[in-house]
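Residues per chain, in single letters:
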Amino acid sequence: MKPDILERLLMDRALGRLDPDAEVLLTDYLANDPAAAAQARELQETVSLATEVMRRPTSAVEMPTQIHQLVWRHRTERVLALAASFVIGMGLTALVIRANPRLGSTVAVSPPPMARIQPALVKSQIESLPFWSNQRIYLLASAAAANSKENLQ
């Protein structure tokens with residue numbers, strides 16, 4: 001018999017998963033081969049020891065309370081740091097607004113006279129400016145304000 005087939009059969013026998021017919025044939029083979037019989041006894045002993053170890057009750061391992069406290073402390077520190085940065089940001093914003101009152105109030109911007117007089121010229125000037133430029137945004141806003149005032153009247 002080939003060694004790998006014999007080893008699989010011996011493992012199945014040790015684990016109690018071998019068919020009864022194959023068990024009878026393997027027992028006859030082991031009676032004629034003392035080296036295979038020794039290997040079978042060794043494997044059976046190994047499986048029985050492993051089974052015994054696996055059946056022993058294990059004690060539940062509990063986490064020390066210090067680890068829980070460290071986790072909560074770390075989370076609390078992160079939340080407090082976020083809250084502190086929010087409060088500092090709000091305070092700095094309030095200081096800047098108090099220092100420069102024009103930033104805090106909304107100032108109504110009247111459209112330049114050019115937007116009211118020559119809309120075609122304004123449109124061509126808007127199209128000639130770069131898309132994200134401040135001048136373009138200002139001209140668009142002033143033209144929109146002039147149109148809305150004309151529509152209201």
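Here the residue numbers are simple positions, counted from 1 along each chain's written sequence. Note on the predicted model: pLDDT of at least 70 is required for a residue's local features to be given, and 80 or more for side-chain atom pairs to be given and counted; whole-chain, interface and lining totals, by contrast, use all residues. Each side-chain value is worked out from all heavy atoms of the structure, with water and hydrogens disregarded.

**Some thoughts on the side chain of Arg136**
Item 1. Helix and strand assignments follow DSSP, with helices taken as H or I runs no shorter than four residues and strands as E runs no shorter than two, numbered in order from the N terminus. Mapped onto the elements, Arg136 comes out in helix 8 (residues 134–152).
Item 2. The rule is simple: take the accessible area with a 1.4 Å probe, protein chains only, and divide by the maximum for that residue type; under 20% is buried, over 50% is exposed, in between is partly exposed. A residue counts as positive if it is Lys or Arg and as negative if it is Asp or Glu; His and the chain ends are not included. Between Lys or Arg on one side and Asp or Glu on the other, a salt bridge is scored when a side-chain nitrogen of the former is within 4 Å of a carboxyl oxygen of the latter. Of the side chains with opposite charge, Glu127 comes closest to the buried, unpaired Arg136, at an N-O distance of 7.1 Å.
Item 3. When near neighbours in sequence (up to four residues on either side) are disregarded, Arg136 contacts Ile126, Glu127, Leu129, Pro130 and Phe131. When checking whether two residues touch, look at their non-hydrogen atoms; a contact exists if any pair is within 4.5 Å.

**Some thoughts on helix 3 (residues 34–55)**
Item 1. Expected helix span is given by 1.5 Å per residue-to-residue step, counting one fewer step than there are residues. For helix 3, with 22 residues, the first-to-last C-alpha span of 32 Å sits near the 32 Å given by 1.5 Å per residue.
Item 2. Buried within helix 3 we find Ala36, Ala37, Ala40, Leu43 and Val47. Looking straight down helix 3, one finds that the buried residues subtend no more than 125° of arc, so they occupy a single side. Residues Pro34, Ala35, Arg41, Glu42 and Glu45 are exposed on helix 3 and point more than 90 degrees away from its buried face.
Item 3. At its buried positions, helix 3 is contacted by helix 1 (3–15) and helix 2 (20–32). This arc is taken over the directions from the axis of the helix to the C-beta atoms.

**Quick notes on the nonpolar core**
Item 1. Residues belong to a common nonpolar core when they are buried Ala, Val, Leu, Ile, Met, Phe, Trp, Tyr or Cys residues joined through side-chain atoms within 4.5 Å. Leu6, Leu10, Ala14, Leu18, Leu26, Leu30, Ala36, Ala37, Ala40, Leu43 and Val47 together form the largest nonpolar core, which totals eleven residues.
Item 2. Going through the elements one at a time, helix 1, helix 2 and helix 3 are the ones with two or more residues in this core.
Item 3. With five residues, helix 3 is the single largest residue contributor to this core.
Item 4. Discounting chain neighbours no more than four positions away, the residues touching Leu26 are Leu6, Leu9, Leu10, Arg13 and Leu18.

**Quick look at the packing of helix 1 against helix 2**
Item 1. Axes here mean lines fitted to C-alpha atoms, for a helix over just the part in contact, with angles spanning 0 to 180 degrees between N-to-C directions. Put simply, helix 1 and helix 2 touch, their axes get as near as 11 Å, and they point 115° apart. Once helix 1 is placed against helix 2, the crossing between them reads as left-handed. Side by side, helix 1 and helix 2 meet where Leu6, Leu9, Leu10 and Arg13 of the first sit next to Glu23, Leu26, Thr27, Tyr29 and Leu30 of the second.
Item 2. Residue type decides the class: Asp, Glu, Lys and Arg count as charged, Ala, Val, Leu, Ile, Met, Phe, Trp, Tyr, Cys and Pro as nonpolar, and the leftover types, Gly among them, as polar. Looking at the contact of helix 1 with helix 2, its residues break down into six nonpolar, one polar and two charged. We call a crossing left-handed when the near helix sits turned anticlockwise from the far one by less than a right angle, and right-handed when that turn is clockwise.

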